[in-house]
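What follows is the residue order along each chain.
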Amino acid sequence: MRGVNVSPARPVVLRDRQPRDLPTLTRWLNDPQAEWRRWDAPYFAAAATNKTMRAYAQYLAQNGPDADERVIDVDGVCVGMVNRSEEEPVGGGWWDLGILIYDPASWGAGIGTRALRLWVADTFEWTNAHVVTVSTWSGNERMIRAARRVGFRECARVREAYPVRGQRFDSVKLDLLRAEWEAR
């Protein structure tokens, strides 16, 4: 499948996963050569990531939608997913958000920024979130830019934490407070 050309007139929608999404999700999750894997935590061993992705694809096939994950939809096409998890202690108001656009042909069109903005709004509306974070690595400049466009700011950096393809990269965490979001 080719990437989706997204103009501002073509909305990005977050929706529940549907059975028709499973072939697309399974294909992207099970492809060990998929380009997205070079950017989404590439510091983990490929064999472990392959095993985790196969298990996750199987989980998606066997379970219905989850309130803490959504499909990123453009014109009825699944182009990626967003997820969130509550950090300990449960009830403390800290949620970590994730976003993944699978097809590189869909990168660079603002889909990720728009999906992240929608996901932040959904998280503040439907959870007790006081603060939301995104966690990435310094080599994933697209993720960092998208988070900053939405209003996140860097709150933590561990220098040279991750070896990736023969180089060392920083672990980066960005945060956004509910009060900052509401003031925008």
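- Going by an unreviewed UniProt entry, the protein carries the name GNAT family N-acetyltransferase and comes from Deinococcus metallilatus.

1. Some details on the side chain of Asp 96
- Inspection of the secondary structure assignment puts Asp 96 in strand 4 (residues 94-101).
- Side chain to side chain, Asp 96 and Thr 133 meet in a polar contact 2.5 Å long.
- For Asp 96, the residues in contact, after removing those within four places along its chain, are Asn 83, Arg 84, Ser 85, Glu 87, Thr 133, Val 134, Ser 135 and Lys 173.

2. Some words on the environment of Ala 67
- Along the chain, the position of Ala 67 falls in the loop between helix 2 (46-62) and strand 2 (69-74).
- The class of Ala 67 is partly exposed, set by a relative accessible area of 46%.
- Along the primary structure Ala 67 and Asn 83 are separated by 16 residues, whereas in three dimensions their C-alpha atoms are 8.8 Å apart.

3. Structural notes on the pairing of strand 4
- Counting buried residues along strand 4, seven of its eight residues qualify, which places the element largely inside the surrounding structure.
- The pairing of strand 4 with strand 5 (residues 131-137) spans four bridges and is classified as parallel. Its bridge partner being in strand 5, Trp 95 is matched across the sheet by Val 132.

4. Some words on a positive patch on the surface
- A surface patch of positive charge is lined by Arg 117, Arg 142, Arg 145, Arg 149 and Arg 184.
- The element that contributes the greatest number of residues to the positive patch is helix 4 (residues 141-150), accounting for three residues.
- If you trace the backbone, Arg 117 turns up in helix 3 (residues 111-126).

5. Quick look at the pattern of salt bridges
- Taken as a whole, this structure holds 13 salt bridges when the rule is applied.
- Between Asp 96 and Lys 173 there is a salt bridge; the shortest N-O distance is 3.9 Å. Highlighted residues: Asp 96 in strand 4 and Lys 173 in strand 7 (residues 167-177), separated in sequence by 77 residues.
- The exposure class assigned to Asp 96 is buried, which follows from its relative accessible area of 15%.
- For the salt bridge of Glu 182 with Arg 178, the shortest nitrogen-to-oxygen distance reads 3.8 Å. Of this pair, Glu 182 and Arg 178 both sit in helix 5 (residues 178-183), four residues apart, which is roughly one turn of the helix.
- Since its relative accessible area comes to 56%, Glu 182 is described here as exposed.
- Classification of Arg 178 by relative accessible area gives partly exposed; the value is 22%.

6. Remarks on the environment of Ile 99
- Relative to the helices and strands, Ile 99 resides in strand 4.
- A sequence separation of 43 residues divides Ile 99 from Arg 142, and the C-alpha atoms of the two residues are 11 Å apart.
- In this structure, Ile 99 is in contact with Ile 72, Met 81, Val 82, Gly 112, Ala 115, Leu 116 and Met 143, ignoring residues within four places of it in sequence.

What counts and how
Residues numbered from 1 in each chain as written. Predicted model: local features only at pLDDT ≥ 70, side-chain atom pairs only at ≥ 80, totals over all residues. Heavy atoms only, no water. Helix = DSSP H or I, 4+ residues; strand = E, 2+ residues; numbered from the N terminus. Polar contact = N/O pair within 3.5 Å; in protein donor to acceptor, adjacent residues only side chain to side chain. Contact = heavy atoms within 4.5 Å. Buried < 20%, exposed > 50% of the residue type's maximum accessible area, 1.4 Å probe, protein only. Pairing = 2+ DSSP bridges. Patch = residues over 30% accessible without salt bridge, like charges linked within 9 Å, V, L, I, M, F, W, Y side chains within 5 Å. Areas by Shrake-Rupley, 256 points an atom, 1.4 Å probe, with all protein chains shown as cover. Salt bridge = Lys/Arg side-chain N within 4 Å of Asp/Glu carboxyl O. Lys, Arg positive; Asp, Glu negative; His and termini not counted. Charge placed at Lys NZ, Arg CZ, Asp CG, Glu CD.

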